[in-house]
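# Fold and contact review
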Amino acid sequence: NFHYTFLVFFYMKLHVILLGGSGATGKCLVSRLLSCDQVDSVTNIGRRVYDSLPTDPKLTQVVAHDLSDLSNVKLPHDSYHLGFCTIGTTRADAGSDAAFR
């Protein structure tokens, strides 16, 4: 029954995982997720621990030196309800419009 499934999902405490929480979009998303009562935990995977992210008991920062191979990364949960990827670059960091695209 859709209604029952929706209610169970609505009242669940969610575990959320994301890549790229240190950029402008990622920081905004992390802040929004941490302020949401329905979110129980946020796990950010990055190349290092970022001081720019908020200090919050719901936030865990996991270091992965090679983001192209996450097979050996130890995560705090066995499964997650939602996942986000906000990895990106800026036109200035890319060096040109062509590289940015």
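The model shown is predicted, which means the values in this text are computed figures rather than measured ones.

Conventions used here
Residues numbered from 1 in each chain as written. Predicted model: local features only at pLDDT ≥ 70, side-chain atom pairs only at ≥ 80, totals over all residues. Heavy atoms only, no water. Helix = DSSP H or I, 4+ residues; strand = E, 2+ residues; numbered from the N terminus. Contact = heavy atoms within 4.5 Å. 1 Å grid on protein atoms, 1.4 Å probe; cavity = no way out; pocket = protein on both sides within 12 Å on 5 of 7 lines; lining within 4 Å. Points joined across faces, edges and corners; volume = space filled by probe spheres on them. Nonpolar A, V, L, I, M, F, W, Y, C, P; charged D, E, K, R; others polar. Buried < 20%, exposed > 50% of the residue type's maximum accessible area, 1.4 Å probe, protein only. Polar contact = N/O pair within 3.5 Å; in protein donor to acceptor, adjacent residues only side chain to side chain. Pairing = 2+ DSSP bridges. Axes fitted to C-alpha atoms, helices over the stretch in contact; angles between N-to-C directions. Expected span 1.5 Å × (residues − 1). Arc of directions from axis to C-beta.

The subject of this paragraph is the environment of Arg 48. Within the secondary structure, Arg 48 sits in the loop between strand S2 (39-46) and strand S3 (59-63). Linking Arg 48 and Ser 22, residues 26 residues apart in sequence, is a C-alpha distance of 9.7 Å. If we skip the residues at most four places from it in the chain, Arg 48 touches Gln 61 and Val 63.

So, about the layout of surface pockets. Its boundaries defined by the atoms lining it, the largest pocket holds a volume of some 410 Å³. Lining the largest pocket are 19 residues, with Ser 22, Gly 23, Thr 86, Ile 87 and Gly 88 sitting closest to its centre. Elements that contribute at least two residues to the lining of the largest pocket include exactly helix H2 (24-35) and S2. Split into classes, the residues belonging to the lining of the largest pocket amount to 5 nonpolar, 12 polar and 2 charged.

This part takes up the side chain of Thr 43. Structurally, the position occupied by Thr 43 is in strand S2. Take Thr 43: its relative accessible area is 1%, and that puts it in the buried class. Within the local environment of Thr 43, its side chain forms a polar contact with the side chain of Tyr 80, the two groups lying 3.2 Å apart. Other than its neighbours up to four places away in sequence, Thr 43 contacts Val 16, Ile 17, Leu 18, Thr 60, Val 62, Leu 75, Pro 76, His 77 and Tyr 80.

Strands pair in a sheet through their backbones, by hydrogen bonds, and they do so in one of two ways: parallel or antiparallel. An order of S3-S2-S1-S4 is seen for the 4 strands of this open sheet, with the pairing classed as parallel. Of all the strands in the sheet, the pair left with one neighbour each is S3 and strand S4 (82-85). Averaged over all adjacent pairs, the angle separating strand axes in this sheet is 20°, with direction ignored. Bridge analysis of S2 against S3 gives 5 bridges, and the strand direction is parallel. Bridge pairing links Ile 45 to Val 62 in S3.

What follows concerns H2. Given a rise of 1.5 Å per residue, 12 residues ought to cover 16 Å, and the 17 Å separating the end C-alpha atoms of H2 matches this to within 8%. Residues of H2 that are buried: Gly 26, Leu 29, Val 30, Leu 33 and Leu 34. One side of H2 carries all its buried residues, which in axial view fall inside an arc of 130°. Facing away from the buried side of H2 by over 90 degrees, the exposed positions are Ala 24, Thr 25, Arg 32 and Ser 35.

Moving on: the environment of Ser 22. Among the structural elements, Ser 22 can be located in the loop between strand S1 (14-19) and H2. The residues contacting Ser 22, other than those within four sequence positions of it, are Lys 27 and Tyr 50.

With that settled, consider the side chain of Thr 86. Tracing the backbone through its elements, the reader meets Thr 86 in the loop between S4 and helix H3 (91-94). Of the polar contacts made by the side chain of Thr 86, one reaches the backbone oxygen of Gly 20; its length is 2.6 Å.

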